[in-house]
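What follows is each chain in one-letter form.
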Amino acid sequence: EDQVTQSPEALRLQEGESSSLNCSYTVSGLRGLFWYRQDPGKGPEFLFTLYSAGEEKEKERLKATLTKKESFLHITAPKPEDSATYLCAVQFSGGGADGLTFGKGTHLIIQP
Amino acid sequence: NAGVMQNPRHLVRRRGQEARLRCSPMKGHSHVYWYRQLPEEGLKFMVYLQKENIIDESGMPKERFSAEFPKEGPSILRIQQVVRGDSAAYFCASSPNTGAGELFFGEGSRLTVL
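These numbers come from a predicted model, not from an experiment.

### Thoughts on the side chain of B:Ser94
Residues and elements named next belong to chain B. In this fold, serine 94 is placed in strand E9 (residues 88-95). There is a polar contact of 2.7 Å between the side chain of serine 94 and the side chain of histidine 29. With sequence-adjacent residues up to four places away left out, serine 94 is seen in contact with Val4, Pro25, Met26, His29, His31, Val32, Leu103 and Phe104.

In structure tokens:
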């Protein structure tokens, strides 16, 4: 069964303390991997799309990378406003489902 | 430039009643997706629709749940005879293209079943 696992479930960092979030997946065929950010009481907000191993995308303090089995979301010198739940989602080839399969997310707290 | 609009934002129903959730996609988007988020669970895909067509309903429960996206008006997710296990946040997302992974989500409709 295709699965997406995110770790850690929760992460508390000091402002400026860099770290990485992990998303591992087991799939029969990957069409794309996506990162979203979700604030409390809000819908997810799209961040990045990655399609092939070795690909990297950057946006402000965030950088997403992809290997054949996992993706990392690196956060450099985070600020309190980066606090949110970060969701990883994959789209599989075959099987017919057009929807994304989401992980449970990493709840990130950045303390000032 | 309005985003994806969902209403109601909060809905309370008693067991056995019906719940109707509405979603207006972003302007120019003809693809609509519904996801459900249960407490402590990830977002789960339910259904993918284009105007007047259900494209993929592989994530939709077989009974009590239905969805439509008429030629005119919003997409509607309908839950008949609600049970406590239906309590969740229901998110609608839209995209301009088929098979897109970059989705634009609404703020969700939170259903509470008493």
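The rest of the description comes next.
### Section: the pairing of strand E11 (residues 106-111) of chain A
Residue and element names in this part refer to chain A. With burial as the criterion, only one face of E11 is covered, namely that bearing Thr106, Leu108 and Ile110; the residues His107, Ile109 and Gln111 on the opposite face remain uncovered. Judged from the 5 bridges that link them, strand E2 (residues 10-14) and E11 form a sheet pairing that is parallel. Within E11, the position partnered with glutamine 14 by the bridge is glutamine 111. In the sheet, strand E9 (residues 84-92) pairs with E11 via 3 bridges, with the strands oriented antiparallel.

### As for the sheet that holds strand E7 (residues 65-68) of chain B
Residue and element names in this part refer to chain B. Spatially, 4 strands are ordered E1-E3-E8-E7 in an open sheet, and the strand pairing comes out antiparallel. Edge positions in the sheet fall to strand E1 (5-7) and E7, since each of these pairs with one other strand and no more. Within this sheet the neighbouring strands show an average axis-to-axis angle of 15°, counted without direction. Sheet analysis places strand E3 (residues 19-24) next to strand E8 (residues 75-79), joined by 5 bridges and oriented antiparallel.

### Structural notes on the pattern of salt bridges
Considering all chains together, one arrives at 9 salt bridges over all chains under this definition. Residue A:Asp39 is joined to A:Arg37 by a salt bridge in which the shortest nitrogen-to-oxygen separation is 3.1 Å. Taking the shortest distance from any N to any O, the salt bridge between B:Glu107 and A:Lys42 comes out at 3.2 Å. Remark: A:Lys42 occurs in the loop between strand E4 (30-38) and strand E5 (45-50) and B:Glu107 occurs in the loop between strand E10 (104-105) and strand E11 (109-113); the pair is interchain, linking two chains. Residue A:Lys42 is classed as partly exposed on the basis of its relative accessible area, which comes to 38%. Shared partners join several salt bridges into a network, and the residues in it are A:Lys42, B:Arg9 and B:Glu107.

Conventions and cut-offs
- Residues numbered from 1 in each chain as written.
- Chains lettered and ligands numbered in written order.
- Predicted model: local features only at pLDDT ≥ 70, side-chain atom pairs only at ≥ 80, totals over all residues.
- Heavy atoms only, no water.
- Helix = DSSP H or I, 4+ residues; strand = E, 2+ residues; numbered from the N terminus.
- Polar contact = N/O pair within 3.5 Å; in protein donor to acceptor, adjacent residues only side chain to side chain.
- Contact = heavy atoms within 4.5 Å.
- Buried < 20%, exposed > 50% of the residue type's maximum accessible area, 1.4 Å probe, protein only.
- Pairing = 2+ DSSP bridges.
- Axes fitted to C-alpha atoms, helices over the stretch in contact; angles between N-to-C directions.
- Salt bridge = Lys/Arg side-chain N within 4 Å of Asp/Glu carboxyl O.

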